[in-house]
Amino acid sequence: MKQRHAQVTRVTNETSVRVQLRIDGTGKSLVETGIPFLDHMLGLFAKHAIVDLKLRCRGDLDVDAHHTVEDCGIALGQAFMGALGDKRGIRRYGAGFDPLNPFTGEAYVPMDECLTRCVVDFSGRPFLVWRGLNDLAQKQITAAERNQDMSSTFRFGLAKEFFQGFANEARCNLHLELLYGSEPHHVVEGLFKAFAKAVDFACQRDPRIAGLLPSTKGRL
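Only a predicted model underlies this, so the values are computations on that prediction, with no experimental measurement involved.

Calculation criteria
For every chain, the first residue of the written sequence is number 1, and numbering continues from 1 onward in sequence order. Local features in this predicted model are restricted to residues of pLDDT 70 or higher, and side-chain atom pairs are both shown and tallied only at a pLDDT of 80 or more, whereas totals for entire chains, interfaces and linings draw on every residue. The basis for every side-chain value is the complete set of heavy atoms in the structure, and neither hydrogens nor water enter the calculation. Whenever Lys or Arg places a side-chain nitrogen within 4 Å of a carboxyl oxygen from Asp or Glu, that contact is recorded as a salt bridge. Numbering of helices and strands runs from the N terminus, with a helix taken as a DSSP run of H or I at least four residues long and a strand as a DSSP run of E at least two residues long. Residue burial is assigned from relative accessible area. The probe radius is 1.4 Å, only protein chains are included, and a residue is buried under 20% of its type maximum, exposed over 50%, and partly exposed in between. Note on definitions: angles span 0 to 180 degrees between N-to-C directions of axes, and those axes are lines fitted to C-alpha atoms, for helices only across the stretch in contact. The scheme is simple: roughly parallel for angles under 35 degrees, roughly antiparallel for over 145, roughly perpendicular for 65 to 115, oblique for anything else. Helix crossings get a hand from a simple test, with the near helix turned counterclockwise from the far one by less than a right angle marking a left-handed crossing and a clockwise turn marking a right-handed one. Here a residue-residue contact requires only that any non-hydrogen atoms of the pair lie within 4.5 Å. In this count, Pro and Cys sit with the nonpolar residues alongside Ala, Val, Leu, Ile, Met, Phe, Trp and Tyr, while Asp, Glu, Lys and Arg are called charged and the others, Gly among them, polar. Any N or O atom pair separated by 3.5 Å or less is treated as a polar contact, with the protein-specific requirement of one donor-capable and one acceptor-capable atom, and with residues adjacent in sequence counted only for side-chain atom pairs. Following DSSP output, two strands are said to pair if at least two bridges run between them. Residues forming no salt bridge and having over 30% relative accessible area are the ones grouped into patches, like charges within 9 Å of each other and nonpolar side chains (Val, Leu, Ile, Met, Phe, Trp, Tyr) within 5 Å. The method behind every accessible area is Shrake-Rupley, applied with a 1.4 Å probe, and residues are considered shielded solely by the protein chains displayed. Helix span is expected to be 1.5 Å times the residue number reduced by one.

**Comments concerning the pattern of salt bridges**
Inspection of the entire model under this criterion finds twelve salt bridges. Between Asp 200 and Lys 197 there is a salt bridge; the shortest N-O distance is 3.7 Å. With Asp 200 and Lys 197 both in helix H7 (residues 184-203) and three residues apart, this pair spans about one turn of that helix. Since its relative accessible area comes to 16%, Asp 200 is described here as buried. Lys 197 sits in the partly exposed class, given a relative accessible area of 31%. If you follow the salt bridges from partner to partner, you end up with Arg 4, Asp 24 and Arg 205 in one network.

Given below as structure tokens:
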């Protein structure tokens, strides 16, 4: 069976990112971005999406974390785009997809008081839907919160930039939603885990359509 893997190097004046991705992996990861919380999120993404991921980024963290987070999303999206190739034989839609009911392509993940949902479609059309977090995205962080927990400084709006970069470059529809919850670590971790499970299912090979494209258009 053909191995699905890709290697991406992205260098700008702001960041240098190198990604090695194997979709049919075992959940192993080696991530170094200079942002420990992002390292944790990408490590758990690899574990729950059951992909092998090596990602190293050197970014202008003296400016802020924005460029590093966004460019890691961009590079990871490019790696998925390359590894999936022509997408023949994949399920295409996110977790739990039933061909008779396209509205069930969802991955729900609870994280203590939070519940998150992700739906993905590797359709060739980039689009991000981000629901339930707008009121929290630019929440003012007090000095006490900033010193209390690294996850508190990783704004919800910063997570959005990662997923926007991924959706743009993987050319997928990506719908992420916080149904309820508020603790920063739980919210972001729940989103990354739901994202992982949806991506895992969507990238799986469906033996019923081996070698066939999951689209009536003739291409994705």
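**Side note on the packing of helix H2 (residues 66-84) against helix H6 (residues 156-170)**
Orientation of H2 relative to H6, taken along the N-to-C sense of each, is 30°, at an axis distance of 7 Å. Classified by the angle their axes make, H2 and H6 are roughly parallel. Helix-helix and strand crossings are classified by hand; for H2 and H6 the assignment is right-handed. Contacts from His 66, Val 69, Glu 70, Cys 72, Gly 73, Ile 74, Leu 76, Gly 77, Gln 78, Phe 80 and Met 81 of H2 reach H6 at Leu 158, Glu 161, Phe 162, Gly 165, Phe 166, Glu 169 and Ala 170. A per-class count over the contact of H2 with H6 returns ten nonpolar, five polar and three charged.

**Some remarks on the side chain of Thr 15**
Assignment of secondary structure puts Thr 15 in strand E2 (residues 15-22). In this structure Thr 15 comes out as buried when scored by relative accessible area, which is 2%. A polar contact is formed between the side chain of Thr 15 and the side chain of Asp 71, at a distance of 2.5 Å. Thr 15 has contacts with Arg 10, Cys 57, Arg 58, Gly 59, His 67, Thr 68 and Asp 71, leaving out every residue within four places of it along the chain.

**Some points on the pairing of strand E5 (residues 107-111)**
The two faces of E5 differ: Ala 107, Val 109 and Met 111 on one face are buried, but Tyr 108 and Pro 110 on the other face are not. Linking two consecutive strands that pair antiparallel, namely E5 and strand E6 (residues 114-121), is a turn of two residues; a positive phi of about 55° is found at Asp 112 within it.

**A look at a nonpolar patch on the surface**
Residues Tyr 108, Leu 179 and Tyr 180 make up a contiguous nonpolar surface patch of roughly 300 Å² in combined accessible area. Structurally, Tyr 180 is set in strand E8 (residues 173-180).

**Quick notes on the packing of helix H1 (residues 36-49) against H7**
Taken N-terminus to C-terminus, the directions of H1 and H7 make an angle of 30°; their axes are 8 Å apart at the nearest point. When you trace H1 past H7, the crossing you get is right-handed. Residues Phe 37, His 40, Met 41, Leu 42, Leu 44, Phe 45, His 48 and Ala 49 of H1 pack against His 185, Val 188, Glu 189, Phe 192, Lys 193, Phe 195, Ala 196, Lys 197, Val 199 and Asp 200 of H7. When the residues that make up the contact of H1 with H7 are grouped by side-chain class, the tally is eleven nonpolar, three polar and four charged.

**Focus on unusual backbone geometry**
Glycine aside, residues mostly have negative phi angles, and peptide bonds mostly take the trans form. In this model, Ile 50 sits at a positive phi of 55°, which is unusual for a non-glycine residue. On the accessibility criterion, Ile 50 (38% relative accessible area) is partly exposed. Positive phi, normally seen in glycine, also occurs at Asp 112, with a value near 55°.

**A closer look at H2**
With 19 residues, H2 ought to run about 27 Å at 1.5 Å a step, and its terminal C-alpha atoms sit 27 Å apart, in line with that. Gly 85 sits one or two positions beyond H2 and adopts a positive phi of about 60°.

**A short note on H6**
For H6, which comprises 15 residues, the first-to-last C-alpha distance of 21 Å matches the rise-based estimate of 21 Å (1.5 Å per residue) to within 8%. Turning to H6, its buried residues number three or more, namely Phe 156, Gly 157, Leu 158, Ala 159, Phe 162, Phe 163, Gly 165, Phe 166, Ala 167 and Ala 170.

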